[in-house]
Amino acid sequence: MRHLMSPLDLSVPELEKILDLASDIEKNPKKYAHTCDDKRLATLFYEPSTRTRLSFEAAMMNLGGKVLGFSSADSSSAAKGETVADTIRVVSCYADICAMRHPKEGAPLVASMVSNIPVINAGDGGHQHPTQTLTDLLTIRSLKGRLDNLTIGLCGDLKFGRTVHSLIEALVRYQNVKFVLISPEELRIPSYIREDVLKKNNIEFVEVERLEDAIPDLDILYMTRVQKERFFNEEDYVRMKDFYILDNQKLSLAKDDMYILHPLPRVNEIAVEVDKDPRAAYFKQVQYGVYVRMALILTLLEVELPC
Ligand code: CP
């Protein structure tokens, strides 16, 4: 039995296999419509979510399976003090696979250690968000046709943005990927990513503050929101929240084939006027998230695939 805690739990060939399967699901959705007819997915969300929870549920329903779960800690027995470890033991009796989001880093890992069913980390604190990474990789590969030879700008809250941490860890395994890390001083990438992931793997990267200076060189611009829920005080958040706003004027400096990604939700960091630009790919990215989660569920459940 396998769990998914980090993108690094998958080797590059395994990752490619999941992306290939997701692309086949995109082209031939009907082929997979009954592959999970007798399966159940539990979504255990101790923290708010729109995309991740609903896309997991849509993914399982598209495969013919059923879903159950809770969408906040308050509506589960966590509110009475039940531990994550006890909860997953109980849920293992009701479901075949589980996606868990939790505000505490490592909570899905604790669950996986006692679980009888595969556990997928659907976001743990400011740490990792591996299924968003699978979504991002599928989006980039589908739009650019490759995951190597790319210059990727990551902009915004690089300190608390777990999607950024997971994406960097996954992309350093591809050839000639360069990073431009665009953030204010206070929201720079954590040192463990800078030292243990980027420097250790001899990855080319620069850290800059001005988006306007970086944007002309990029193949992908990955915008992120400032993670309000991870700040210790409101004052710091208010000071940081509108540090970057991508608008049509800034976008005019970018290449014609640079795509804009964002894990969403968006707050103010991308002006609504940008949505009409053909390079705005963040809503397409949402759709890719369903295909890739379908592929992941099939893979972790070791379902025999239709010919
Ligand atoms: N991208 C993402 O994780 O969105 P949600 O918080 O809505 O799940």
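Everything discussed here concerns the structure shown above.
Here is what the cut-offs are and how they apply
Residues numbered from 1 in each chain as written. Predicted model: local features only at pLDDT ≥ 70, side-chain atom pairs only at ≥ 80, totals over all residues. Heavy atoms only, no water. Helix = DSSP H or I, 4+ residues; strand = E, 2+ residues; numbered from the N terminus. Rg over C-alpha atoms; globule rule 2.2 N^0.38 Å. Buried < 20%, exposed > 50% of the residue type's maximum accessible area, 1.4 Å probe, protein only. Contact = heavy atoms within 4.5 Å. Areas by Shrake-Rupley, 256 points an atom, 1.4 Å probe, with all protein chains shown as cover. Lys, Arg positive; Asp, Glu negative; His and termini not counted. Salt bridge = Lys/Arg side-chain N within 4 Å of Asp/Glu carboxyl O. Pairing = 2+ DSSP bridges. Axes fitted to C-alpha atoms, helices over the stretch in contact; angles between N-to-C directions. Phe/Tyr/Trp six-rings, centres within 6.5 Å; stacked < 30°, edge-to-face > 60°. Lys NZ or Arg CZ within 6 Å of the ring centre and 35° of its normal. Expected span 1.5 Å × (residues − 1).

What follows covers the overall build of the chain. When you go through the chain residue by residue, the secondary structure sums to eleven helices and nine strands. Its C-alpha radius of gyration of 19 Å places the chain within 12% of the 19 Å reference for a compact globule of 307 residues. Dimensions of the chain, computed from C-alpha atoms along their principal axes, come out at roughly 55 × 50 × 40 Å. With 307 residues in all, the chain has 56% of them scored as buried. Long-range contacts, defined as pairs at least 24 residues apart, comprise 74% of the intrachain contacts of the chain with a sequence gap of at least 6. Total accessible area on the chain is roughly 13600 Å²; 50% of this is exposed by carbon and sulfur atoms.

A separate point is the side chain of E269. Looking at the element boundaries, E269 is found in the loop between β9 (259-261) and α11 (282-300). Despite its burial, E269 remains without a salt bridge, the nearest opposite charge being carried by R225 at 6.1 Å.

With respect to topology, five strands assemble into an open sheet ordered β7-β6-β5-β8-β9, the strand pairing being parallel. Two strands close off the open sheet at either side, each with one partner strand: β7 (205-208) and β9. If you compare each strand with its neighbour and ignore which way they point, the axes differ by 20 degrees on average. Pairing of strand β6 (residues 177-182) with β7, which is carried by four bridges, proceeds in the parallel orientation. Within β7, the residue paired with I182 across the bridge is V208. Sitting on the sheet, helix α7 (residues 191-199) touches β6 and β7, and the angle it makes with β7 is about 160 degrees.

This brings us to the pattern of salt bridges. Following the criterion strictly, the structure yields 19 salt bridges and no others. The shortest N-O distance in the salt bridge between E207 and R194 comes to 2.9 Å. Of the two residues, E207 sits in strand β7 while R194 sits in helix α7, which places them 13 residues apart along the sequence. You can call E207 partly exposed: its relative accessible area is 28%. Here D277 and R279 are joined by a salt bridge, their closest N and O atoms 2.9 Å apart.

Here the focus is the sheet that holds strand β4 (residues 119-124). One open sheet accounts for four strands, arranged β2-β1-β3-β4; its pairing is parallel. Only two strands of the sheet have a single neighbouring strand rather than two, namely β2 (66-70) and β4. Averaged over all adjacent pairs, the angle separating strand axes in this sheet is 15 degrees, with direction ignored. Sheet analysis places strand β1 (residues 40-45) next to β2, joined by five bridges and oriented parallel. Note that in β2 the partner of A42 across the bridge is L68. The strands touched by helix α3 (residues 84-91) within the sheet are β1, β2, β3 (97-102) and β4, with β1 carrying the most contacts at an inclination of about 160 degrees.

The next point concerns the packing of aromatic side chains. The full count for this structure, using the stated rule, is four aromatic pairs. Centre to centre, the rings of Y282 and F283 are 5.4 Å apart; their planes meet at 65 degrees, and the pair counts as edge-to-face. Judged by its relative accessible area of 1%, Y282 is buried. Residues Y288 and Y291 carry aromatic rings whose centres are separated by 6.4 Å and whose planes lie at 70 degrees to one another, so their mutual orientation is edge-to-face. Pair noted here: Y288 and Y291 are both in helix α11, with a separation of three residues, about one helical turn. The class of Y291 is buried, set by a relative accessible area of 16%. Between R293 and the ring centre of F56, over which it is positioned, the NZ or CZ distance is 5.2 Å.

Another aspect to go through is helix α1 (residues 12-27). In an α-helix, one full turn covers 3.6 residues, which means residues spaced three or four apart are oriented alike. Along its 16 residues, α1 runs 23 Å from first to last C-alpha, staying within 8% of the 22 Å computed at 1.5 Å per residue. Those residues of α1 lying buried are L15, I18, L19, L21, A22, S23 and I25. Where the residues of α1 are buried, they touch α5 (130-144) and α11.

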